[in-house]
Amino acid sequence: MRFFQNFLRAAFAAVVLAACEDVVQVDVTPANAQLVVDAFLTNRDTTQTIRLTQTVPYFSEGKVPVVSGAEILLVNQTTGREFVFADTKIDGIYAWQPLGSDSIGAIGHSFQLTVRHQNETFMAQSRLSRTTVADSVTYDLREAGQDPEEQKKGYYSTFYGRDAVGGRDYYWIRSYKNNAYQSRVFNFAVDGFGGETDGGDGFPFIPPLQNLTDGRNPAQVGDKVRVEIWSITRETFAFLEQAQRQITNGGLFAVTPENVRTNLKNTNPASKTKAVGWFSTSVVSGLEVVVKEK
Amino acid sequence: MKHFLCLSLLFFGCLALGQPVRAQAKFSVSGYVRDAKSGETLIGVTVFVRGTNTGTLTNEYGFYSLTLPGGDYDLGVSYVGFQTFAKQISLTANQKLDVELADEGVQLQEVVVTAERADANVKDVAMSVNKLDIKTIQKIPAFLGEVDVIRSIQLLPGVSTVGEGATGFNVRGGGIDQNLVLIDEAPVYNSAHLFGFFSVFNPDIVKDVKLIKGGIPAQYGGRLSSILDVRTKEGNNKRFSGQGGVGAIFSRLSIEAPIIKDKASFVVGVRRSYIDVLAKPFLTGDLKGSQFYFYDLTAKLNYIINAKNTVFLSGYFGRDVFGSPDFRFNWGNSTATLRWNHVFNNKVFMNLTAFYSNYDYFIGFQDEVQNTRFDWNSNIINYSLKPDFTYYLNTRNTVRFGVQSIVYDFRPGNAEAQSQQGTNPINLDPKYALESGVYADNEQKIGEKLTLQYGLRYSVFQYLGSGNAYIYDQPADGTPRTPTAIQEYGRGKVIKNYGNWEPRFSANLTLNDRSSLKASYNRMVQYIHLVSNTAASTPLDIWTPSTNNIKPQIADQMVVGYFQNFADNGYEFSVEAYYKDLQNQLDYVDNANLLLNPNLEGDLIQGIGRAYGLEFFLRKSKGRLTGFLSYTLSRTERRLPNTSISRGEWFLNRFDRPHNLSITADYALTGLWSIAANFVLQSPTPATLYTNRAELRDLPVLPTLPDERRNTFRDPKYAYHRLDLSATKKNRQKEGRRWESYWVFSVYNAYNRRNPFSIYFQQNPKYTGPSENAGNAGVNPTQAIRYSIIGSVVPAVSYNFKF
């Protein structure tokens, strides 16, 4: 529950004015590299890509090594249709290019992904669920905050929308500035807000889910701000929540560092080789505005 | 009842064996011992026949009973800091003798550190017990100059904490939920204010603090590691008086007065922090409108109805509040205790306690523009009744027996979401349980050298409906489990029943007047568990009962020790070695979801633990220089066999600190000044660190830990050490005025050590990733952070008064 974690952290920081963080040098012994599968697909009519790379030592810099020569097959289990993802440029990006308004499938369809690499086969499942729409995106000009690094002067945007009525829905709310995904604005929701409980059904999204702006990179006049609401599965929601917890881990209320779960399972139960990463399929809705002077 | 009969038979059987029959008629002398100045009862006062070894101690309510053969005796009543009382008595019938002790005067009291019997360290059968009276606690240099019970406890051997600012404390390798923290016998579920910088106990109201780490007597149960028994003082029943202080972070005021002179009195104390008020001008931008403060109120009423009956009513109510215009967050404990002391006759004393305790927190969000609101609260409530009897059988045997029942009402989460369309309630099922215990214990002197205390407790725990029992088929292998069935139980129906025998044993072999050997064994069973997987416990952590899936935790502890006093009891020394074997320790699957999760039990697993250590303690209690030194060498580990957690191997607990040294000293200068210092040196706690990372396009740094082992990193250069200093200046008391006051000047972390609370790895905030992103040129994707709670010297001044 990120609301509460963030809030706890802020509350604690307010009390402990003397607390401090500084960067130190720590040596750890890295383990052998593992295969990383980055497979977040949508049913849009645009090129769908899966990226294969390797893990690197935690403190390494530069680009991560890409993995070419793997075989990737996506099966729409509902229709039986197969999609071959090919690494034509030998850059670790495996792509499937739809023709016209074609797509991998429709709401309710189930999918299986198979990745074969160096005699190991990994498989994962996903499903296409419905999503909801953003009603509006607003923005207002804010001055620099107390920490001008964390809150720069610029236009801060907020979106309004509500959960689709009925059933349990999971969303990944993604923010883009000039078509660039803002990875630091990391919002996902169960129904109208977080938590695996009944009661958020049909609820409007509340702060901080509505926030679209990374305080380090607010929009300026002329910038395009877009919100996309991706439907995700319950498992993908859990993956994002775990990833967020590990990525933002630290401080007094840090959780034990641990591996974020993966849905890529080695089909050979005797093999000790594991993969890292995630396979997900989403239906997407979006709304974009261009920031005008206010 | 069956068990109670068994216990009774067992005990009276033992007593019969231990007691040769004597023909001579015996009589008892009994009564209360009180402070002549305030009427307050005194705990642990020695009542003895002068010139012999025969004697007894007053109990927690100041009551004593001494049975002797008929005859003339020269009776003495002595207590450190008070004038010894002496009286000739002629014992021809049972007799009642209440004693009021006069204090020795201000000058001498200044150098008294301990208010217990001078040779208690050696003579008492109890071991692994640390008593701190409030005068001792007040002498330890404190954070922001504010005297604090729990932070003082952390200086004792065998006690540590995961880091400053963290809630609670760890005793002999146990978790923070394994301490039974009592205020006037009512449990406190979160002992922290401001996340752990201060505890809930108002030092002006506290009379006596006792920490029991081992050889735990049978009247206590329900937690594995320790009992922290905090007792509040009684109001002055002679005259109106009060005390208080004004400090850097909060102010305190307490008043006490007789209601009926010598019979009934009250005391009430309040504290409130005001950093929020002081910080207001600095709270601008998004911090504007922030609230953060705490307050608490502690009160007690006592009434001596007659020589046989006394009643006490005490209560605590405290709250921490944080908030902003959009968020509200608060938490706190409330407790109420009603006690009735009844003297049946010269030999049988009863205390009947009834208490109520509630810990709750509340979180609320609101958005006025959209007219939405989300409120959430969680509680643990309990009610208990506990009759406890002490039977002063004869000078060689003191029997204690009783029963206790606690009703638990767990409300893990009640939330309400409100929008324009209406209100949606979100409720996690409440859980109910009943915990009962029956116990008996005897302290027996065998010959001049040997004292035994043996006891037995039988505890029963019933997890009750109405509620749902989750059934899992999958074994707990370290991965989350989904229930295969959910079974509904009606109101009051027993979902799961547990029963455990808990033997307790202690022995004291006196070697000579100044030294003794002690040994003890105890089994403790804990039926309720704090669900927390963060480094420091948060106020949001919830308690859960043992269920059909969660088994009660069990600990077996063995301790041996050597105790010696020297220089006319001016120095106390002890060394103790302990070993603890723990079962059913609560742990969590990787990526467990502990908040608002109806299937919480599917994310919990249980393992085994072991903890062992060696504790040294030296205390100097006489002279101008007083203080204590404690050193602990210890280890605490855990294992989750047959799971993937840390590969199913033994791993160190997060709060493991092999070396733990603390020295605290107070020196009374001539005149009105005294100075004090406190030094702490501890091994750093171990950490789990990522070794690798993966890059996803939308998650630029996804850390990985292919090795899977927990808590393997520890670097001695991150050892914790700190020096605190303080100086106290007494103001001259004006002739004929009761107003006494003193200033305390303190410096916490005097040499500005930046002690890490933790080392952790994170994505560099400047890194936007992924690596091909042009904006990342020259920016390291990741960094290691040393996180320190206190990163500077913290000076403070406080003004304290008494009238």
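Residues numbered from 1 in each chain as written. Chains lettered and ligands numbered in written order. Predicted model: local features only at pLDDT ≥ 70, side-chain atom pairs only at ≥ 80, totals over all residues.

Visitor: I'm lost on the overall build of chain A in this one. Help?
Guide: What chain A contains, in helices and strands, is 2 helices and 18 strands. In terms of overall dimensions, chain A is globule-like: its C-alpha atoms have a radius of gyration of 21 Å, near the 19 Å expected for 294 residues. Considered along the principal axes of its C-alpha atoms, chain A spans approximately 55 × 50 × 40 Å. Burial statistics for chain A: of 294 residues in total, 47% are counted as buried. Long-range contacts, defined here as pairs at least 24 residues apart, represent 67% of the contacts in chain A between residues at least 6 apart. (Helix = DSSP H or I, 4+ residues; strand = E, 2+ residues; numbered from the N terminus. Rg over C-alpha atoms; globule rule 2.2 N^0.38 Å. Buried ≥ 20, exposed ≤ 12 C-beta atoms within 10 Å, placed from the backbone. Contact = placed C-beta atoms within 7 Å.)

Visitor: Which parts of the structure should I look at to understand the overall build of chain B?
Guide: Within chain B, the secondary structure is distributed over 6 helices and 49 strands. Considered along the principal axes of its C-alpha atoms, chain B spans approximately 95 × 65 × 55 Å. Buried positions account for 52% of the 803 residues belonging to chain B.

Visitor: In this structure, what is going on with the interface of chain B and chain A? I would like to understand it.
Guide: Interfaces are often described in size by the accessible area the parts lose on coming together. Each partner contributes to the interface: chain B provides 85 residues, whereas chain A provides 72 residues. Considering each element in turn, the side of chain B that touches chain A owes the most residues, 7 residues, to strand S48 (residues 782-788) of chain B. Partitioning the side of chain B that touches chain A into residue classes produces 43 nonpolar, 30 polar and 12 charged. Across 2 bridges, strand S4 (residues 56-57) of chain A lies against strand S43 (residues 692-694) of chain B in antiparallel orientation. Following the sheet pairing, Val56 of chain A is matched in S43 of chain B by Arg693 of chain B. (Nonpolar A, V, L, I, M, F, W, Y, C, P; charged D, E, K, R; others polar. Pairing = 2+ DSSP bridges.)

Visitor: How should I be thinking about the pairing of strand S3 (residues 48-54) of chain A in this particular structure?
Guide: The two faces of a sheet get side chains in turn, since along a regular strand they alternate between them. All names here are of chain A. A large share of S3 lies buried, amounting to 5 of its 7 residues. The sheet contact formed by strand S2 (residues 35-42) and S3 spans 4 bridges and is antiparallel. Among the inter-strand pairings, Val37 is bridged to a residue of S3, identified as Leu52. In textbook terms, the turn of a hairpin is the stretch between consecutive antiparallel strands, and for S2 and S3 this stretch comprises 5 residues.

Visitor: Is there a simple way to think about helix H2 (residues 234-247) of chain A in this case?
Guide: Because each turn of an α-helix spans 3.6 residues, side chains separated by three or four positions end up pointing in the same direction. Here H2 of chain A is 14 residues long and its end C-alpha atoms lie 20 Å apart, about the 20 Å a rise of 1.5 Å per residue gives. Counting buried positions over the 14 residues of H2 of chain A gives 10, a clear majority of the element. The secondary structure elements touched by the buried residues of H2 of chain A are strand S12 (170-177), strand S14 (187-190), strand S15 (224-232) and strand S17 (275-282) of chain A together with strand S44 (702-704) and strand S47 (758-763) of chain B. (Expected span 1.5 Å × (residues − 1).)

Visitor: Help me understand the sheet that holds S17 of chain A in this model?
Guide: Picture the strands of a sheet paired through backbone hydrogen bonds; they go either parallel or antiparallel. All names here are of chain A. Across the sheet, 4 strands lie side by side as S7-S3-S2-S17; this open sheet has mixed pairing. One side of each edge strand has no neighbouring strand; the edge strands of this open sheet are strand S7 (93-96) and S17. Recorded for the sheet is a direction-independent mean angle of 10 degrees between the axes of neighbouring strands. (Axes fitted to C-alpha atoms, helices over the stretch in contact; angles between N-to-C directions.)

Visitor: Explanation requested: the nonpolar core in the structure shown.
Guide: Most often, soluble globular proteins keep nonpolar side chains buried together rather than apart. Core analysis: the biggest nonpolar cluster contains 184 residues, and Val37 and Tyr171 of chain A have the highest contact counts within it. For Val37 of chain A, the contacting residues outside a window of four places in its chain are Ile50, Leu52, Val115, Phe122, Leu264, Ala275, Gly277 and Phe279 of chain A. In terms of nonpolar packing, the next biggest core, distinct from the first, is built from 21 residues, Val33, Ile43, Val45 and Leu101 of chain B among them. (Core = buried A, V, L, I, M, F, W, Y, C linked by C-beta atoms within 7 Å.)

Visitor: Teacher, can you tell me more about the sheet that holds strand S2 (residues 46-49) of chain B here?
Guide: Residue and element names in this part refer to chain B. Overall, antiparallel pairing links the 4 strands, which are arranged S3-S2-S5-S6 in an open sheet. One side of each edge strand has no neighbouring strand; the edge strands of this open sheet are strand S3 (55-57) and strand S6 (85-91). Going across the sheet, the axis of each strand differs from the next one's by a mean of 20 degrees, ignoring polarity. As paired strands, strand S5 (residues 71-78) and S6 are joined by 7 bridges and run antiparallel to one another. The residue bridging Asp74 from the neighbouring strand is Gln88, located in S6.

Visitor: So what exactly am I meant to see when it comes to the pairing of strand S39 (residues 625-639) of chain B here?
Guide: All names here are of chain B. Pairing analysis gives 13 bridges linking strand S38 (residues 604-620) to S39, with the strands arranged antiparallel. Counted as the bridge partner of Gly613 is Ser634 from S39. Between the antiparallel neighbours S38 and S39 lie 4 residues, among them Gly623 with a positive phi of about 95 degrees. Relative to strand S41 (residues 659-668), S39 is paired through 9 bridges, and the arrangement is antiparallel. Across the sheet, residue Thr626 finds its bridge partner in S41, namely Asp666. Sheet analysis places S39 next to strand S40 (residues 651-652), joined by 2 bridges and oriented antiparallel. In the strand pairing of S40, Glu637 is matched with Leu652.

Visitor: Please clarify how unusual backbone geometry should be interpreted in this entry.
Guide: With the exception of glycine, the majority of residues adopt a negative phi angle, and the majority of peptide bonds are in the trans configuration. Residues and elements named next belong to chain B. Cis geometry marks the peptide bond from Gly465 to Ser466; its omega dihedral reads 5 degrees. Among the secondary structure elements, Ser466 is positioned in the loop between strand S29 (450-464) and strand S30 (467-471). Non-glycine residue Leu144 carries a positive phi angle of around 55 degrees. Within the secondary structure layout, Leu144 lies in the loop between helix H4 (134-139) and helix H5 (149-153). By the C-beta count within 10 Å, which is 19 here, Leu144 ends up partly exposed. In the Ramachandran plot, Glu185 falls in the positive-phi region, its phi being about 75 degrees despite a non-glycine side chain. Checked against the element boundaries, Glu185 lands in the loop between strand S12 (179-183) and strand S13 (186-187).

Visitor: Sorry, what's going on with the environment of Glu258 of chain A here?
Guide: When you line up the elements, Glu258 of chain A lands in the loop between H2 and strand S16 (265-266). The class of Glu258 of chain A is buried, set by 25 C-beta atoms lying within 10 Å. Along the backbone, Glu258 of chain A and Gln242 of chain A are 16 residues apart, and their C-alpha atoms lie at a distance of 9.4 Å. In contact with Glu258 of chain A, not counting residues within four places along its chain, are Asp590, Asn591 and Leu705 of chain B.

In short, geometric facts, not functional conclusions.
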